[in-house]
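Structural description and commentary
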Amino acid sequence: MAKKKRYLTATLADGYVKTIGPTAIAYTHYWRIVAQLENGRTEVFWGHAKSLREATAKKTATADAARQRGWTHYDFEVVALTEGRP
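So, here is what we can say about the structure in this document. Keep in mind that what you see is a predicted model, and the values were worked out from it rather than measured. Each chain has its residues counted from 1, following the order in which its sequence is written. Only residues with pLDDT of at least 70 are given local features in this predicted model, and only at 80 or more are side-chain atom pairs given and counted; all residues enter the totals for whole chains, interfaces and linings. Only hydrogens and water are removed before side-chain values are computed, so all heavy atoms of the structure are retained for them.

Some words on the packing of aromatic side chains
Convention followed: In this scheme Phe, Tyr and Trp rings, the latter by its six-membered ring, pair at centre separations within 6.5 Å, and the angle between planes marks the pair as stacked below 30 degrees, edge-to-face above 60, and tilted otherwise. Whether a charge sits over a ring depends on NZ of Lys or CZ of Arg being within 6 Å of the ring centre and within 35 degrees of the ring normal.
In this structure the tally under the stated criterion is three aromatic pairs. Ring-pair connections join several aromatic residues into one group, and the members of that group are Phe45, Trp71 and Tyr74. Of note, Lys18 hangs over the ring of Trp46, and the distance from its end group to the ring centre comes to 4.0 Å.

Here it is, written out as structure tokens:
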């Protein structure tokens with residue numbers, strides 16, 4: 001029997017809303033990195049995870065990426081996903 005497909009929504013502190021779906025995977029958290037580059041430009045990286053632990057583990061990798069890519073500053077955010085309609 002096929003799993004029920006759901007739509008998941010993440011609302012970040014700055015008001016940005018991201019909808020994921022339809023998906024049958026049990027994602028629980030959304031993470032986002034907003035990186036400031038040396039030339040003043042901005043890069044955004046995002047993803048979803050099956051647990052808070054998995055999502056926060058990205059923070060260590062983010063510090064390494066900042067050094068390798070020469071980011072002047074970055075913000076790392078993790079929020080819980082809520083189930084809803086598209």
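Some words on the environment of Trp71
Under the convention used in this document: Each helix is a run of H or I in the DSSP string that is no shorter than four residues. Each strand is a run of E no shorter than two, and both are numbered from the N terminus.
Within the secondary structure, Trp71 sits in the loop between helix 2 (58-69) and strand 5 (73-80). Trp71 sits 48 residues away from Thr23 along the chain, and the two C-alpha atoms are 33 Å apart.

Some remarks on the sheet that holds strand 4 (residues 42-49)
Heads up, the rule is: Here, strands pair whenever DSSP counts at least two bridges between them. Only C-alpha atoms enter the line fits that serve as axes; for helices the fit covers just the stretch in contact. Angles between N-to-C directions range over 0 to 180 degrees. Contacts are assigned to residue pairs with any non-hydrogen atoms lying within 4.5 Å of each other.
Overall, antiparallel pairing links the three strands, which are arranged 4-3-5 in an open sheet. The two strands at the open ends of the sheet, each matched to only one other strand, are strand 4 and strand 5. In this sheet, adjacent strand axes meet at a mean angle of 15° when their direction is disregarded. In this structure, strand 3 (residues 29-36) lies alongside strand 5, joined through eight bridges in antiparallel fashion. Among the inter-strand pairings, Ile33 is bridged to a residue of strand 5, identified as Phe76. Contacts between helix 2 and the sheet are confined to strand 3, strand 4 and strand 5, with strand 5 contributing the most and set at about 160° to the helix.

Details of helix 2
The cut-off we apply is this: In this analysis, the expected span of each helix is defined as 1.5 Å times one less than the number of residues it contains. Exposed residues in this analysis have more than 50% of their type's maximum accessible area, buried residues have under 20%, and partly exposed residues fall in between, with area computed by a 1.4 Å probe over protein chains only. This arc is taken over the directions from the axis of the helix to the C-beta atoms.
In this model helix 2 runs 16 Å from its N-terminal to its C-terminal C-alpha over 12 residues, within 8% of the 16 Å that 1.5 Å per residue would give. For helix 2, the full list of buried residues reads Thr62, Ala65 and Ala66. Considered in projection along helix 2, the buried side chains sweep an arc of 105° and stay on one side of the axis. Those residues of helix 2 that are exposed and aimed more than 90 degrees away from the buried face are Thr60, Arg67 and Gln68. Close packing links the buried residues of helix 2 with strand 3 and strand 5. One or two steps after helix 2, the chain reaches Gly70, where phi turns positive at roughly 75°.

Overview of the nonpolar core
Note the cut-off: Nonpolar cores were defined as sets of buried Ala, Val, Leu, Ile, Met, Phe, Trp, Tyr and Cys residues, with membership established by side-chain atoms within 4.5 Å.
Within the largest apolar cluster, 10 residues are counted, these being Trp31, Ile33, Ala35, Leu37, Ala49, Ala55, Ala65, Ala66, Trp71 and Phe76. Counting residues per element, the ones that place at least two in this core are strand 3 and helix 2. Considering every element that reaches this core, the biggest residue donor is strand 3, with three residues. Formed by eight residues, the second largest nonpolar core is a distinct cluster that contains Leu12, Ile20, Tyr30 and Val79.

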